[in-house]
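So the chains spell out like this:
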Amino acid sequence: MSPRELEANLLMKAAARLQLIKDEWEDSSLAEKDDALVYNRKLWTILVTSATSEENQLPQGIKNNIASLGVFVFKQTMTVMTTDDANKLDTLISINRAIAEGLRSQPSSE
């Protein structure tokens, strides 16, 4: 499995976990909600760190966009945690799915 495929799979796993929490919001414990959000945040920390590293060959503009998207994901995560609003998960789920689809649709050069 290429790094690109692995990243796509991890993003889809995070999206699925967030979707499950959203679907079962009222019955989910705070620990379950926190676990799904922490998993997503850790994944995005790794993705942003990897994508924006000096060793990464991506153009600087793309690195900047990924960093900005990461900041948005972190802020949205805090919003979900502080508002107790399951619908706020929709944005995180959509971002994860869209990025995963993009990674899967690009030919891997590795």
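Above this text sits the structure in question.
Notes on the structure follow. The shown structure was predicted, so the numbers you read here are calculated from the model rather than taken from an experiment.

Parameters and conventions
Residues numbered from 1 in each chain as written. Predicted model: local features only at pLDDT ≥ 70, side-chain atom pairs only at ≥ 80, totals over all residues. Heavy atoms only, no water. Helix = DSSP H or I, 4+ residues; strand = E, 2+ residues; numbered from the N terminus. Contact = heavy atoms within 4.5 Å. Salt bridge = Lys/Arg side-chain N within 4 Å of Asp/Glu carboxyl O. Phe/Tyr/Trp six-rings, centres within 6.5 Å; stacked < 30°, edge-to-face > 60°. Lys NZ or Arg CZ within 6 Å of the ring centre and 35° of its normal. Core = buried A, V, L, I, M, F, W, Y, C linked by side-chain atoms within 4.5 Å. Buried < 20%, exposed > 50% of the residue type's maximum accessible area, 1.4 Å probe, protein only.

To continue, consider the environment of Ala-67. Mapped onto the fold, Ala-67 is located in helix H3 (residues 60-83). Sequence separation between Ala-67 and Leu-11 is 56 residues; the distance between their C-alpha atoms is 16 Å. Not counting chain neighbours up to four residues away, the residues in contact with Ala-67 comprise Val-48 and Thr-52.

As a further point, take the pattern of salt bridges. Scanning the entire structure with this criterion turns up three salt bridges. Among the salt bridges present, the one from Asp-90 reaches Lys-22, with a minimum N-O distance of 3.3 Å. Of this pair, Asp-90 sits in helix H4 (residues 89-105) while Lys-22 sits in helix H1 (residues 3-23), placing them 68 residues apart in sequence.

This structure, assessed with the given rule, holds zero aromatic pairs. Between Arg-17 and the ring centre of Tyr-39, over which it is positioned, the NZ or CZ distance is 4.5 Å. Above the ring of Trp-25, the side-chain terminus of Lys-33 is found at 4.0 Å from the ring centroid.

Generally speaking, soluble globular proteins have nonpolar side chains that are buried together. Counting residues in each nonpolar core, the largest one holds 23 residues, and the members touching the most others are Leu-11, Leu-18, Trp-44, Leu-89 and Leu-92. Every element with two or more residues in this core is listed here: H1, helix H2 (30-52), H3 and H4. Per element, the largest residue contribution to this core is seven residues, and it comes from H2. Here Leu-18 is in contact with Ala-36, Leu-37, Asn-40, Leu-89, Leu-92, Ile-93 and Asn-96, once residues within four sequence places are set aside.

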